[in-house]
Amino acid sequence: MLTALSEEFRALFPGAKTDEPLARHTTWGIGGPADFYVEIRTRQELTTLFQWTRSHGLPLTPIGQGSNLLVGDGGVRGVTLRLRGDFEALRFESDRATVGAAVLLPQLSRAAAERGLTGAEPFCGIPGTVGGALMTNAGTPEGDLGELVREVETLDADGVPRRLTRDQIQFSYRRSSLTGTLVLSVDLQLRPGDKNDILAAIDRQLKRRAERQPLGTKNCGSVFKNPPGDYAARLIETAGLKGLRVGGAQVSPKHANFIENVDRASAADVRALIETIQKTVRERAGVALDLEVWTLGE
Ligand SMILES: Cc1cc2nc3c(=O)[nH]c(=O)nc-3n(C[C@H](O)[C@H](O)[C@H](O)COP(=O)(O)OP(=O)(O)OC[C@H]3O[C@@H](n4cnc5c(N)ncnc54)[C@H](O)[C@@H]3O)c2cc1C
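This text gives an overview of the structure that appears in the document. (Residues numbered from 1 in each chain as written. Predicted model: local features only at pLDDT ≥ 70, side-chain atom pairs only at ≥ 80, totals over all residues. Heavy atoms only, no water.)

**Quick notes on the sheet that holds strand S15 (residues 182-189)**
Pairing is antiparallel across the open sheet formed by five strands, whose spatial order is S6-S7-S15-S11-S12. Edge strands, defined here as strands with exactly one partner in the open sheet, are strand S6 (90-93) and strand S12 (161-165). Averaged over all pairs of adjacent strands, the angle between their axes in this sheet comes to 15°, without regard to strand direction. Alignment of strand S11 (residues 149-155) against S15, held across six bridges, turns out to be antiparallel. Bridge pairing in S15 links Val152 to Val186. Packing against the sheet, helix H3 (residues 105-114) makes contact with S6, strand S7 (96-100) and S15, and its axis sits at approximately 30° to S6. (Pairing = 2+ DSSP bridges. Helix = DSSP H or I, 4+ residues; strand = E, 2+ residues; numbered from the N terminus. Axes fitted to C-alpha atoms, helices over the stretch in contact; angles between N-to-C directions. Contact = heavy atoms within 4.5 Å.)

Here is the structure:
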């Protein structure tokens, strides 16, 4: 059954893969196989994909840059989809930007800065796609992506296109009500500013990140959300957990809210480390740490 399906899938989408290790598609370098993995470049291909998955009753899971994802060692059933090609388009009109879901945030920040548009600089060092960033309402203390949104173009779970205006979407701390849709593009509202000031702000933010974060290691950014009025990193560090290791996963010695894959870590290693951190911080500080990272698969 799976072999016949695989042949059909590869015939429809040349270049698509079966049993594709998702470790290749996450910044953690962790994750079991996707039954089917495809990079979709046009709206026509997307329509074909929705028809194919619906006719076979297969689930469809979008990923972006995999920079906020813990994919289970058992992998992801059905089709895992990444947008590319036409969805990497970025267009400016006056102080507005129409941005494809596959555009990378640092690219958006810099393109806006080059046009003397301010608002997108908080995202200059976040290594994800705009689609993933809308799902996670990515941001920094300087601002979240949701704040700039005018309209989002989506496909719902049945493949029906929708344009959602800002007041039809709820954005909260690292979450949005877009969950369950496929984001195709977004219209953002930026503001005119001084190009040199904006570029200088970007440089400052990138420098601050390089000082504080273990860049160059395999990680997924902040693992836990900051609890109200406190910082997850401070709580983890105070609990004496910096450097703690389970299998190939280690609490970053540089930033305690990051977990690094230091030696072929499995998702099970990361999960065990997460549980130890949550238990220890609960016992020592009486605080429950919630996950910021998204989990996928088995
Ligand atoms: C070094 C480092 C630093 C980071 N710093 C920050 C930071 O400062 N602030 C911050 O908020 N985050 C940060 N992150 C986390 C991460 O980069 C962001 O959350 C990013 O926006 C995720 O985008 P992505 O494309 O990687 O999404 P993924 O991790 O691939 O996916 C995240 C979720 O979005 C869904 N998704 C992805 N694309 C789509 C789409 N087109 N339509 C529908 N659903 C989709 C996925 O199914 C998944 O549920 C950091 C990560 C790293 C590795």
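**Side note on the environment of Gly193**
Here Gly193 lies in the loop between strand S16 (191-192) and helix H5 (195-212). Residues Gly193 and Leu206, spaced 13 residues apart in sequence, show a C-alpha to C-alpha distance of 19 Å. If sequence neighbours within four positions are ignored, Gly193 has contacts with Gly116, Thr118 and Ile198.

**Side note on the packing of H3 against H5**
Remark: H3 packs on H5, axes separated minimally by 8 Å, with the N-to-C direction vectors making an angle of 155°. Comparing their axes, H5 and H3 come out roughly antiparallel. Contacts between H3 and H5 involve Ser109, Arg110, Ala113 and Glu114 from the first element and Lys195, Ile198, Leu199, Ile202, Asp203 and Leu206 from the second. Along the lines of polarity and charge, the residues of the contact of H3 with H5 split into five nonpolar, one polar and four charged. (Parallel < 35°, antiparallel > 145°, perpendicular 65-115°, else oblique. Nonpolar A, V, L, I, M, F, W, Y, C, P; charged D, E, K, R; others polar.)

**Quick look at unusual backbone geometry**
Comment: phi is negative for the bulk of residues other than glycine, and the bulk of peptide bonds are trans. For Asp19, which is not glycine, the phi dihedral falls at a positive 50°. With respect to the helices, strands and loops of the structure, Asp19 is situated in strand S1 (residues 17-21). Unlike most non-glycine residues, Arg174 shows phi in positive territory, near 60°. Mapping Arg174 onto the fold places it in the loop between strand S13 (171-172) and strand S14 (175-176).

**Overview of the packing of aromatic side chains**
By the definition in use, this model includes four aromatic pairs. Here the aromatic rings of Phe9 and Phe36 are separated by 4.9 Å at their centres, their planes lie at 70°, and the arrangement is edge-to-face. Linking Phe9 in helix H1 (residues 2-12) with Phe36 in strand S2 (residues 33-40), this pair joins segments that are 27 residues apart in sequence. Assessed through its relative accessible area of 0%, Phe9 is described here as buried. Owing to a relative accessible area of 1%, Phe36 belongs among the buried residues under this scheme. Here the aromatic residues Phe9, Phe13, Phe36 and Trp52 are joined through ring pairs into a cluster of three or more. (Phe/Tyr/Trp six-rings, centres within 6.5 Å; stacked < 30°, edge-to-face > 60°. Buried < 20%, exposed > 50% of the residue type's maximum accessible area, 1.4 Å probe, protein only.)

**Focus: the sheet that holds strand S19 (residues 259-261)**
Reading across from one edge, S17-S18-S19 is the order of the three strands in this open sheet, with antiparallel pairing throughout. Across the chains shown, the open sheet's two edge strands, defined by having one partner strand only, are strand S17 (245-246) and S19. Here two bridges tie S17 to strand S18 (residues 249-251), and the two strands are oriented antiparallel to one another. Bridge pairing in S18 places Arg245 opposite Gln250. Against the sheet, helix H7 (residues 267-285) contacts S17, S18 and S19, and its axis sits at roughly 30° relative to S18.

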